[in-house]
Amino acid sequence: MFRPAGSRAAASAAFFVALAAGIACQREDASVPARDLDGRPNAVVLVTIDTVRADHTSLGGYDKPTTPFLGALARDGVNFTRTYATSSFTPLSMASLVTGAEAVTLGLGDAYFDAQSQTAVQPVLSESFTTLAETLQAHGFLTIGAASNRHLAADLGFAQGFDHYYESAAFQRASALNRIAKSLLKDALGDAYATAWRQQPLFLWVHYFDPHDPYYRRPGWPLPGQPAPDPRRIRQLAGKSYGDLERELEDPAPETLEALRSLYDGEIHDTDQRFQELWEHLGFDDDTLVIFTSDHGEEFLEHGGLGHAKGLYEEVVRVPLMIRWPAKLPRGRVVHATASILDVYPTLAELLDLAAPEGLSGRSLVPLFDTPDWPSPRPILLELDRQKEDWLAWVEGDHKVIRRVQPDPWVGSFDLAADPGETRNLADVEPDRTAAALAGLAAARAALPSPPAGQRYLDISDEQTIDALKAMGYVVE
Ligand SMILES: [Zn+2]
């Protein structure tokens, strides 16, 4: 049975004692005095990796060892095998993760990229939200954020609550992001940061970008002894944008698709290894609470396209989710009940006894540490809102309805148990069930708070960003 952390008063007293000790002592490893954790973790580490579909990870049962380190962490923690992002587009789902608000209530719609005018405009996350980092900061955590994605930059509202945040937020490789995270820790804690972080509660968010396209060849992948795709096909596909790949893959040979998937898997594997380096460098341990998830998945022609942010099928919205804190949480627990990245915030609030803002849309996952399923049905609302792409979806148990508002209005209705690949649209076969699900979706949306007033947009059309967005295929031609 899980027991919550000690009282806030006791924790903050311990924090000030620890802080005083920290000022006096910034020496190496063994000499760092153990802080009285009072039932709390020594650090909360949120690791998000862009574009990781659940079924391409060891946590999601993939038959290739893409995530040996994160998989090992998951085996020591709680692995949620049926987790949804709130969207298939980074700004929406990551904003949901850090605010606990459904994508439809964020006011972050209509991101706009245009090749002809070379403009990229993105909405800014409103300051009216109390972010997870703000809540942790208010409870005495040192908050450090390193997000390698232009869509998560400080000027787009994602630095709220962070004492130190990677300001320029260009797209960076994982090894560079590790250096950035270390340098932010050094700014906060001095040269001995690799041990000094233990002297106060730490919240560290790292967001890696590498599995996002273009996919580059990783020399260590496939691992020795694993089947390797034809190297000529790998050379032909590596580093290409979605646009170029779509032309190459108009009528792909199975080996070509396999090579593309292998490139993508290599990026996931490399990022897993880079995160392991950071973890070991900082000496995180069984008193560290770590959460791993992603912002969305990735399509490999399952529904005729490549990439993400173009629909709400399972391959682009199902993500891994793992929570590990061996000092307090069950080890080796696998939960198949439906979860959402929205649940991270309320779960941390309960685990850490935080005064979280009212009205978080997710549910604390803590009850699932002891029971196999929710006591009441837990539907999932999904939204994709970009210029020229407007989709909604609703998942209730094994039934999913997808409503494409634009382009080309369309409704899809799928039985995920019988047809997990969403290949048989039952909208005309089961009109009553489809109508009931659409009504459920509409009612759920209507019950949510309105997005904040006065949505602000930022022009992010610098040359580097435009080039990167074009290479990634986001630009609307
Ligand atoms: Zn993303």
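In what follows, the structure referred to is the one given above.
Let me sum up the structure you'll find in this document.

**What about the pairing of strand β14 (residues 389-396)?**
Among the eight residues in β14, seven count as buried, and that is most of the element. Connecting strand β13 (residues 380-386) to the antiparallel partner β14 that follows it, the hairpin turn spans two residues, and Lys388 within it adopts a positive phi of roughly 70°. As consecutive antiparallel partners, β14 and strand β15 (residues 399-406) are separated by two residues, and within that stretch Gly397 has a phi angle of approximately 60°, a positive value.

**Considerations on empty space enclosed by the protein**
Counted by the stated rule, this structure contains one cavity of 30 Å³ or more. In this structure, the largest cavity spans a volume of roughly 60 Å³. Residue lining of the largest cavity: Leu46, Val98, Thr131, Leu132, Ala133, Gly157, Phe158, Gln160, Phe162, Phe203 and Trp205, and that is the complete set. Considering only residue class, the lining of the largest cavity consists of eight nonpolar, three polar and no charged.

**A word on the packing of helix α5 (residues 174-189) against helix α9 (residues 254-282)**
Between α5 and α9, the least distance of the axes is 9 Å, while the angle of their chain directions is 25°. As judged from the angle between their axes, α5 and α9 are roughly parallel. Relative to α9, the crossing made by α5 is right-handed. Facing α5, whose interface residues are Ala174, Ser175, Asn178, Ala181, Lys182 and Leu185, α9 presents Thr271, Arg274, Glu277, Leu278, His281 and Leu282. A per-class count over the contact of α5 with α9 returns five nonpolar, four polar and three charged.

**A few points about the coordination of the zinc ion**
Coordination of the zinc ion by the protein comes from Asp50 (OD), Thr90 (OG1), Asp295 (OD) and His296 (NE2), over a distance range of 2.0 to 2.1 Å. One can describe the donor arrangement at the zinc ion as irregular, given that its four donor atoms subtend angles of 88 to 145° at the metal. Looking at Asp50, the relative accessible area reads 0%, which means it is buried.

**With respect to helix α2 (residues 68-75)**
Within the sequence span of α2, burial applies to Phe69, Leu70, Gly71, Leu73 and Ala74. Of the surrounding secondary structure, the elements contacted by the buried residues of α2 are β1 (43-49), β2 (78-84), α9, β8 (288-293) and β11 (318-324).

**Considering the nonpolar core**
Formed by 76 residues in total, the largest nonpolar core has its most connected members in Phe80, Phe203 and Trp205. Those residues in contact with Phe203 that lie beyond four places of it in its chain are Val44, Leu46, Leu132, Ala133, Leu136, Phe141, Leu142, Thr143, Ile144 and Phe162. Core analysis: the next-biggest nonpolar cluster, separate from the first, contains 51 residues, Val45, Leu142, Ala146 and Leu177 among them.

Cut-offs and rules
Residues numbered from 1 in each chain as written. Predicted model: local features only at pLDDT ≥ 70, side-chain atom pairs only at ≥ 80, totals over all residues. Heavy atoms only, no water. Buried < 20%, exposed > 50% of the residue type's maximum accessible area, 1.4 Å probe, protein only. Helix = DSSP H or I, 4+ residues; strand = E, 2+ residues; numbered from the N terminus. Pairing = 2+ DSSP bridges. 1 Å grid on protein atoms, 1.4 Å probe; cavity = no way out; pocket = protein on both sides within 12 Å on 5 of 7 lines; lining within 4 Å. Points joined across faces, edges and corners; volume = space filled by probe spheres on them. Nonpolar A, V, L, I, M, F, W, Y, C, P; charged D, E, K, R; others polar. Axes fitted to C-alpha atoms, helices over the stretch in contact; angles between N-to-C directions. Parallel < 35°, antiparallel > 145°, perpendicular 65-115°, else oblique. Left-handed = near helix turned anticlockwise from the far one by under 90°. Contact = heavy atoms within 4.5 Å. Donors = N, O, S within 2.8 Å, 3.2 Å for Na, K, Ca; no water. Tetrahedral: all angles 85-135°; square planar, octahedral: opposite > 155°, others 65-115°. Core = buried A, V, L, I, M, F, W, Y, C linked by side-chain atoms within 4.5 Å.

Geometric descriptors of this kind do not, in isolation, establish any biological role.
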